[in-house]
Every structure is written in structure tokens, then in C-alpha cells.
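Fold and geometry: a report
The residues making up each chain are set out below.
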Amino acid sequence: MQVLKVNPLQSKDLENLGLSWHTDLDNTPYVSDEVVEISESEAQAYYDAANELYDMFVEAGQYVIDNNLYFDLGIPFNLVEAIEKSWEEEVHWHLYGRFDLAGGLDGVPIKLLEFNADTPTMLYESAIIQWALLKANGFDEALQFNNLYEALKDNFKRVITLGEDISRFDEFYEGWGILFSSIQGSDEEEKTTKLLETIAKEAGFRTKFCYAHEAVLNAEEGLSFEGENYEFWFKLIPWESIAIDEPELASLITAMINNKNTIFLNPAYTLLFQSKRILKILWDLYPNHPLLLESAYKPLLNKKQVKKHCFGREGESVSILDAKGNPLVKKEGAYSNFPEVYQEFASLNAYKDNFYQANIFYAYEACALGFRKGGEILDNMSKFVSHKIR
């Protein structure tokens, strides 16, 4: 594994680029002064793996719906109708997600860890900061597996054209608007949402940003802000949070989907992919697939494994267990009340005393690679690491 030390981007430079969350709580830089160097064949393998995995998730999602397995995945009952409606109707387009993968370097097989299909982080870092870091260090910034910005722009157009061919966007587009919203108080979420708004505007949409509580939702009249109506709402709020914390909003959104006056990005069905319990469904459908790790709803027998919960985030409520089920590494958190899933352990790419997890963004196809660096369980203190193709 090749890891190059580079001159870091200074805090002022990162702020000028729009990334203000550059320093962690322990006062260490969030953006690492390293670049992981990979080969073209390794980049191609990551690309191919993410594309194949997405097709497998689609099959697994259909299987869950056909067999009414929502309870098994921990899906709140008050979103089932929205999930099924958004799945049935093609206009509910999946904008983007992020695969977390083990392996992929030094001949180690790529293995799926999970799919952050609904509200993935690291978008700003992957789309903007990687290019800037390479350029600042005199590297050819084009030597990356990274066309995330353009891929998102094209996928916004597919929200209208609904297919591979986006050349007829201007012909089909009728002035529809996308309202972009995040929760007030998180600079990272706000900047990420505003970056997506910028990309959508460049794609040709009428756009506006507001905080989530400022958006006006009406079952009959649709979505509006400051008296102007919008046909799409991008909300950087996890679907499970809406279902659990704001059940009235979940019911209202379902009514708006039924009345066909608003389309939500990402769609409600991405909650199927987001649930880590779908890992067991994937294993049932594709046993011993080379990209998968054995997964089950009960502890695996005689295998080192990871215990996690269906809607956990940032490494919280995750444990690494030995073959007898004893915890080797454990992170406490707020997600232990959600149903658990057990996944065969796969070591992350390792260099010196750190572990590097590959993260692949997907927007109609795999479109960007980045890495996170930290311990065996990556948490909110993990570092973002750029890459280059040698």
C-alpha cells in the first residue's frame, strides 16, 4: 500500500473552498496530509464493484418488497407506503449514495461493508477537496477516480429524462424547481446541501435553499417556500429520523407522494438500502458472492465478526467480536435499540498503525473514490484521505 505525505491545505484555504469543518474536537486536522496512491487496475476494480453491488441492492430491494420484509429490516411501518410508491413509480430517482468497502489494495479482495444510500457524508470533501489537495502539491489533479461533480450534474438531469440519455433535458424540462433543505445548526450539512444546489442550478434547474423547518408542505398543494412552489424537495434528513421523530411529517410526505405533487430526493425506498439489515438479504440472495461478507440476524458461528445496528452512524454502537462472540473492540452509541446484524469481519486496508476504508460514491454509476483513516471501527474522529492514480 502506497501512502504519500503531502503538504496539507491550510485551514484558511479549506474555508475559502467552503469546508469549515476542518478541525476535529481534539483540535487535529480533519483532512489528512496524506494521499493514497492506487493503480489504474485498482481504481477500475472499485468502479466495477460498486456498479455490480448497486444492481444487487436493487434485486434485494425488490425481494424485500415482494416478501413484505420491512419488519426484518427495521423499517418503520409509517414509511412503508411511501417506500412502495416511490419504488413503483420511475419518477422517484435515486440521486446519489456511498458504498463503504474493505480491501481493494495490495491484491486484497473488495468486500462490501454497507451502503449509505440516503444521506451520505463526505460529498464536499470528495468532490472539491481532493482536487485542490492534488493541485496544491503539484500533482496532475486529473489522475483520480473522481468525476463526482459532473456525475451529480448529469444525474440531476436524469431526474427529468429518467434514463441514460440526458441530451433531451432542455426539451423535457418545464421550469421545475428543486428546494434544498438541511437542518439548521450544522454547517457541514448546510454546505453539503448548498453544493448540491449549485450543481442542480448548473444542470439547469430553478433552485432555492431553506432550512427544513422553513419549507411549507401541504398534502394537496405540494411544496413551497416564500410563496413559490417547488416540484422537488432535497432534504438532508434521514428517512428513519423523519419516521421516528416526526411521524406527522412522514404521513404528510406519504400523502404528497400519493397526490403526485412533490418528489423527494433521495427517494423513500433508499431506506431499504440504508438499513444494514439488508446485508443479510444480500447474502441470502447471493451466497458466497466474492463482494459480500456472510451476514445474519444472529451471531455467526465460529467466525470473527462485526455486530452493528440497522440505522447506526459514524461507528456508534458497533462491536468487533471474536469467534466466540466476545467483544474485541467496542464503540458505545445511541443506536443499540435498533435491531442488530452480524457481519463477517474483514480487515480494512492497513498502513502503519492506521486503517483506511475505501468509500465509493454512486450517482447512476460509480463516480468517485475517497478514503477514511482511523481505527478498526471508524468513528466521527476519522480523517478524510485523498487519493491519486499512479
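Every value quoted in this text rests on a predicted model; they were computed, and no experiment measured them. Numbers given for residues are sequential positions, taken from 1 along each chain in its written order. Confidence filtering applies because this is a predicted model: local features only for residues at pLDDT of at least 70, side-chain atom pairs given and counted only at 80 or more, and all residues used for totals across whole chains, interfaces and linings. The basis for every side-chain value is the complete set of non-hydrogen atoms in the structure, without hydrogens or water.

1. Here we look at the overall build of the protein chain
- Helix and strand definitions follow DSSP, with helices as H or I runs of at least four residues and strands as E runs of at least two, each counted in order from the N terminus. Scanning the protein chain from N- to C-terminus turns up eleven helices and 20 strands.
- In this treatment the radius of gyration is a C-alpha quantity, and the globule benchmark scales as 2.2 Å times the residue count to the 0.38 power. Since a compact globule built from 390 residues should have a radius of gyration of about 21 Å, the 20 Å found for the protein chain is in line with a globular shape.
- Seen through its principal axes, the protein chain has C-alpha atoms that stretch 55 × 50 × 40 Å.
- Residue exposure (1.4 Å probe, protein chains only): buried if accessible area is under 20% of the type maximum, exposed if over 50%, otherwise partly exposed. Residues counted as buried form 58% of the 390 residues belonging to the protein chain.
- Counting rule for charge: Lys and Arg are taken as positive, Asp and Glu as negative, and neither His nor the chain ends is counted. One atom stands in for each charge, and that atom is NZ of Lys, CZ of Arg, CG of Asp or CD of Glu. Looking at charge distribution, the protein chain has the averaged site of its 35 positive side-chain charges lying 5 Å from that of its 62 negative ones.

2. What about helix α7 (residues 187-203)?
- Taking 1.5 Å per residue, 17 residues should reach 24 Å; α7 reaches 24 Å between its end C-alpha atoms and fits that length.
- By the burial criterion, the buried members of α7 are Glu190, Thr192, Thr193, Leu195, Leu196, Glu197, Ile199, Ala200 and Ala203.
- Residues are treated as being in contact if the distance between any of their heavy atoms lies within 4.5 Å. Each element contacted by the buried residues of α7 is listed here: α4 (123-136), α5 (148-161), α6 (169-172), β5 (177-182), β6 (206-211) and β10 (232-235).
- The first or second residue beyond α7 is Gly204, which carries a positive phi of 120 degrees. The span one expects for a helix is its residue count, reduced by one, times 1.5 Å.

3. What to know about the nonpolar core
- What is meant by a nonpolar core is a set of buried Ala, Val, Leu, Ile, Met, Phe, Trp, Tyr and Cys residues, joined one to another through side-chain atoms within 4.5 Å. Counting 75 residues, the largest nonpolar core has Tyr46, Phe99, Phe273 and Phe371 as the members making the most contacts within it.
- Setting aside residues up to four positions removed in sequence, Phe99 forms contacts with Ala50, Leu53, Tyr54, Phe57, Leu112, Glu114, Phe115, Ala358, Asn359, Ile360 and Tyr362.

4. What about the pairing of β10?
- On β10, burial covers both faces: Phe232 and Phe234 on one face and Trp233 and Lys235 on the other are all buried.
- One ladder, built from four bridges, connects β5 with β10; its direction is parallel. Within the sheet, the bridge partner assigned to Phe180 lies in β10 and is Phe234.
- Here a strand pair is declared whenever DSSP counts at least two bridges between the two strands. Bridge count for β10 against strand β11 (residues 263-265) is three bridges, and the pairing is parallel. Residue pairing for β11: Phe232 is matched across the bridge by Ile263.

5. Structural notes on the sheet that holds strand β16 (residues 340-344)
- Strand order in the open sheet formed by five strands is β12-β16-β13-β14-β15, and the pairing between neighbours is antiparallel. For this open sheet the edge positions go to β12 (295-296) and β15 (327-331), each flanked by a neighbour on one side alone.
- Relative to β16, β12 is paired through two bridges, and the arrangement is antiparallel. The partner of Ser295 across the bridge, within β16, is Gln343.

6. Describing unusual backbone geometry
- In this model, Leu265 is joined to Asn266 through a cis peptide bond whose omega is -10 degrees.
- Mapping Asn266 onto the fold places it in the loop between β11 and α10 (270-274).
- Positive phi, normally seen in glycine, also occurs at Tyr364, with a value near 75 degrees.

7. Comments concerning the packing of aromatic side chains
- Two rings from Phe, Tyr or Trp (for Trp, the six-membered ring) form a pair when their centres sit within 6.5 Å of each other. Planes less than 30 degrees apart are called stacked, planes more than 60 degrees apart edge-to-face, and all others tilted. Using the criterion set out here, one finds 30 aromatic pairs in the structure.
- Considering the side-chain rings of Tyr54 and Phe115, the 6.0 Å spacing of their centres and the 85 degrees angle between planes classify their relative orientation as edge-to-face. Here Tyr54 is found in helix α2 (residues 40-66), whereas its partner Phe115 is found in strand β4 (residues 111-116), with 61 residues between them in sequence.
- Ring pairing ties together the aromatic residues Tyr96, Phe156, Phe169, Tyr173, Trp176, Phe180, Phe205, Phe232, Phe234 and Phe361, which thus form one cluster.
- Between the NZ or CZ atom of Arg158 and the centre of the ring of Tyr364, over which it lies, the distance is 3.9 Å. Either the NZ atom of lysine or the CZ atom of arginine qualifies as a charge over a ring when it sits within 6 Å of the ring centre and within 35 degrees of the ring normal.

8. What about the environment of Leu17?
- Within the fold, Leu17 resides in the loop between α1 (11-16) and β2 (31-38).
- Relative accessible area serves as the criterion here: at 30%, Leu17 is assigned to the partly exposed category.
- Measuring from C-alpha to C-alpha, the distance between Leu17 and Ile129 comes to 7.7 Å, with 112 residues separating the pair along the chain.
- Leu17 has contacts with Leu9, Tyr124, Ile128, Ile129 and Ala132, leaving out every residue within four places of it along the chain.

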